[in-house]
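Topology and contacts: notes
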Amino acid sequence: MERFKSNAGEHVNPAYDSNLDGPPTYQDVRAVRPSVVSAFGHDTLDRVPNIDFYRNAGSMSGHRAVRPSLQELHDVFQRNGAISVPDTVQDDKDDDESDGSPYDDVESADPPEKMQGGVKFGWIRGVLVRCMLNIWGVMLFIRLSWVFGQAGWGLGIVVIALSCVVTTITGLSMSAICTNGVVRGGGAYYMISRSLGPEFGGSIGLIFAFANAVAVAMYVVGFAETVVDLLKENNAIMVDPINDIRIVGCITVVLLLGISVAGMEWEAKAQLVLLVILLIAIVNVFVGTFIPATPTKKSQGFFNYNSKIFLENFTPAFRENESFFSVFSIFFPAATGILAGANISGDLRDAQKAIPKGTLLAILITGITYLGVGLCVSATVVRDATGNTTDLINPGTVCNGSAAVACELGYDFSSCAVEKCKFGLMNNFQVMTMVSGFGPLIIAGTFSATLSSALASLVSAPKVFQALCKDNIYKILYFFAKGHGKNDEPIRGYVLTFIISVAFILIGDLNMIAPIISNFFLASYALINFSCFHASWAKSPGWRPAYKFYNMWLSLVGAILCCVVMFVINWWAALITYGIEILLYVYVTVKKPDVNWGSSKQAVTFVSAVSNALSLSGVEDHVKNFRPQILAMMGSPKTRPALLDLAHSLSKDYGLCLSCEVFVGPRSEILQDMNSNMEKNQLWLRKSKRKAFYAAVACDEFREGTDSLLQASGLGRMRPNILMMGFKRNWRTAGAESVQTYVGILHDAFDFEYGTALLRMKHGLDMSHIVEAEEEMLKAAREQEAVESEGLPNGGKAKGLFRKSRKSSQQVPTTRVSVCGPPPPQIAKINDKLMEASAHFKKKLPKGTIDVWWLFDDGGLTLLLPYILTTRKKWKDSKLRIFVAGQPERSELDRQEMNSLLKKFRIKCDDIIVIDDLHVKPRADSLKRLEDMIEPFRVRGPQVEAAQQRQQPWKITDEELSSFEEKTNLQVRLNELLQEHSKLANVIFVSMPIARKEAVSDYLYMTWLDILTKDLPPTLLIRGNHKSVLTFYS
């Protein structure tokens, strides 16, 4: 409850380790910076603005600049300029000795290009080329003609436009996210996790990496099928078609793996070669449409550009149960390559500029290409053709029906209306080969499209997976975080991707898995769009994307569109995707990775909390909505665990709990201690699963600090209404000032209309000496390790964020170890009992009772708090018993009245006991114990009383004792009755007596509280603020 500053050194930068007592001696001495001197004309401890000051702690690069703390600037002249701040500090966290926990700031690392000259790509080679190669897939050469044959070029344009709308919105959202700060490796995973937090990022990152790994198998199988078709045509089948596909596929994956492992530079060169081949194949298609058609091509439906063919192909002609949505679901996966550039974000020279420019331009170019090729074939090829050069129209034949245009051009394809033909847009997947100027180039283009997509996925999967593993969200996968070479290549990830792709080539049903993979990609797009919307909606000042051409509502529409398209493609695959994502989300949420990336989820939580608090402040309090909101004066939360556990049990899920501490002493000495404890104690509360807030103040007087907390704690309606403290067991030896302070706090609580609760336990509450001893032992052990490390070959290099030297560090451990030796047996026994008592409210309580001595109507707080305990799992075996005061002649009537009141309050109790002998005089031995207790604090005789009363008003006079004799005897009698009825209770709640200000001395009041609760089980003295907290009205 009260903390005093130890003999620690002067205040220093709080970034440095404050656990050691002595002031640190920095190894680096601040040099005069020319920029500072030239700017101000003199040397100053202040620093000019610099980007290095804004790197977060834990920079993987090892260095960051440190600006002086406010205290150092403020106190420097008081200490004659004795402070020296190093320009930089170093983090010596070696990769080989990492504990596997994620760094606080992966973003703060210097770009890897500064590390040993790694290869970096610009926006063209790094993003534009990769995205175009991934979007230009086999769809362009094999299925696009079929899409435009089924949907017609009217709806075909809609299919392509709708796909481009989804990808463009996603590209805009991605551009906004990646320009809102430095982007490191990990692509979509990195952006989603930093925007929405590790729960969303961890779930989508894993399935996105897996989708890329399986996509390698899909693209390679597409390549292998084309090769096997060529083998069939030349009668060169090796085993059989299925096994030949497996053989060719495995060989291809091995070759692609070799290119990838060789390094990003080789992979980029391979992509450029494939791009050139692909561009030649596309140009070949356009050139072929202008070459006059041969009779063979005409018989297969190709007639060069013709307006009649173009008009005939405008309307849709869906066949074989196809529809617009089914055709769209077949085409859309071709557009899912927009993340190919973002996935290697760690290998880009400037990801913030490259990703928006390259991705959006790739969407534009590929969209125009798809439209151009689709419109060209729609204007030159009819839907059905027989392929028979003899099917010519006789002169004078009237042309009508579905083959009217071909009839007008001199060919009779009317038989296609009766039986299925093999040629035309609807029937022949090799239309592009027929239309092109040189057919083999289309086959080369198909090879290029499949291999480039496979190579991009083979690179993307390990890169994304490595970023996920580095964050250590799934600890079992941390093995794959290690990189090799100057580009930090994920060799282990490449091997894993290779194994997955080969497995699916050998045993996977790719036709079944394809819709799931497409949905995995779409789920990533949906979360990218939602990330942009969520960050914009949170209105966080930290959301300042350099890319301004986005709209939060457009991003939300994009997210919804992606979810809709998932179901359009395949509803059961969409459900599987959502199911897997939810399971991974729940897993990461339960594991609670220790990372803080400043996600928009935090920002929205804050905005929502402020909004709700403001809404609540506009509503008047109502008795039905009363909640216990506890301000617990317990010092450091670790030191009084029993008090914290009881306060937590009373407020958990019901109200607010503040764990408060007052640091007493000169502000210059205690501020550092207070500031360093704020975050540490709140973190301890969270890790120990206590739903409470930690608050601390620094004051010259303890009572002054408590008054500050009583008056200023809370926010709006979320303000404490109950003060909870521990009973002051040492009041008889603590001194008059300490007793005055303690009783004065109780008076202040009553003045501020707080409900008040005092907890007394037989063996006490304060465990600070045990906690301090444990900390001393841990500190001594750490120092001993530091001393031993000085003899190591590396010179005992210090670990952590900062280094500092200590004087005589070798002598400290031996001294502390001797101080922290085992205590005497008697003290050890007392400590054991204290530790056992401190866990009383933490464990499940055995069968027993919660005894409530509701002697005075205080608004119902004395009854409400024990009722709340009965709703907790730990207390489910404890029965509620109510004790009330009554008159001897009407005990049964009093019991019935109380029973009726409890029924109206809807509070169940096991028994109601009326105490009708409260007026009986206490036993002689009890009175003797009272006399012995107050004797040291009495003043006797009228003259002595008058003199000492003026000098020592806290002492007990005979007049005072006579005036409050009945009330004093009541406390003694109550203790006798408590001993008789509640000696075996799990906990006792009893109405707390009130002392009138300036009428009852501090020591007499402490005597009342002490004699009332002496030698009892855990007892909570309660007094409400006499405002109703219970009601029987609906």
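Residues numbered from 1 in each chain as written. Predicted model: local features only at pLDDT ≥ 70, side-chain atom pairs only at ≥ 80, totals over all residues. Heavy atoms only, no water.

Taking an unreviewed UniProt entry as the reference, the protein is identified by name as Solute carrier family 12 member 1 belonging to Solea senegalensis. UniProt, in its Catalytic activity (unreviewed entry) section for the protein, records the words "K(+)(out) + 2 chloride(out) + Na(+)(out) = K(+)(in) + 2 chloride(in) + Na(+)(in)". (UniProt positions renumbered as here; feature names shortened; annotations may be inferred.)

1. Concerning the state of the cysteines
Scanning the entire structure with this criterion turns up one disulfide. Note on cysteine connectivity: Cys 416 is disulfide-linked to Cys 421, with sulfurs 1.8 Å apart. Residues Cys 416 and Cys 421 are joined through a disulfide that is left-handed, its torsion about the S-S bond being -105 degrees. We classify Cys 416 as buried; its relative accessible area is 12%. Classification of Cys 421 by relative accessible area gives buried; the value is 9%. (Disulfide = S-S within 2.5 Å. Buried < 20%, exposed > 50% of the residue type's maximum accessible area, 1.4 Å probe, protein only.)

2. What to know about the pattern of salt bridges
One pass over the structure, following the stated rule, counts 25 salt bridges. Residue Asp 471 is joined to Arg 194 by a salt bridge in which the shortest nitrogen-to-oxygen separation is 2.8 Å. Placement of the pair is Asp 471 in the loop between helix H15 (439-470) and helix H16 (491-507) and Arg 194 in helix H5 (residues 187-196), with a sequence separation of 277 residues. Arg 194 carries the same exposure label as Asp 471, and that label is buried. Across the salt bridge formed by Arg 890 and Glu 897, the nearest N and O atoms sit 3.2 Å from each other. By sharing partners, the salt bridges in this structure join Arg 890, Asp 894 and Glu 897 into a single network. (Salt bridge = Lys/Arg side-chain N within 4 Å of Asp/Glu carboxyl O. Helix = DSSP H or I, 4+ residues; strand = E, 2+ residues; numbered from the N terminus.)

3. Let's talk about empty space enclosed by the protein
Over the atoms a probe the size of a water molecule is rolled, and this reveals where empty space is left. Taken as a whole and assessed by the stated rule, the structure comprises three cavities of 30 Å³ or more. Estimated volume of the largest cavity: approximately 90 Å³. Lining the largest cavity are Ile 135, Ile 160, Ser 163, Cys 164, Thr 167, Phe 331, Ala 335, Ile 338, Ile 363, Thr 366, Gly 367 and Tyr 370. Elements represented by at least two residues in the lining of the largest cavity include exactly helix H4 (139-178) and helix H12 (351-380). Estimates place the volume of the second largest cavity at around 70 Å³. (1 Å grid on protein atoms, 1.4 Å probe; cavity = no way out; pocket = protein on both sides within 12 Å on 5 of 7 lines; lining within 4 Å. Points joined across faces, edges and corners; volume = space filled by probe spheres on them.)

4. Observations concerning the side chain of Asn 304
Along the chain, Asn 304 falls in the loop between helix H9 (295-299) and helix H10 (307-312). Judged by relative accessible area, Asn 304 falls into the buried class, the value being 16%. In terms of polar contacts, Asn 304 uses its side chain to reach the backbone amide nitrogen of Ala 293, at 2.8 Å. Aside from chain neighbours lying at most four places away, what touches Asn 304 is Thr 289, Phe 290, Ile 291, Pro 292, Ala 293, Ile 309, Ala 379 and Thr 380. (Polar contact = N/O pair within 3.5 Å; in protein donor to acceptor, adjacent residues only side chain to side chain. Contact = heavy atoms within 4.5 Å.)

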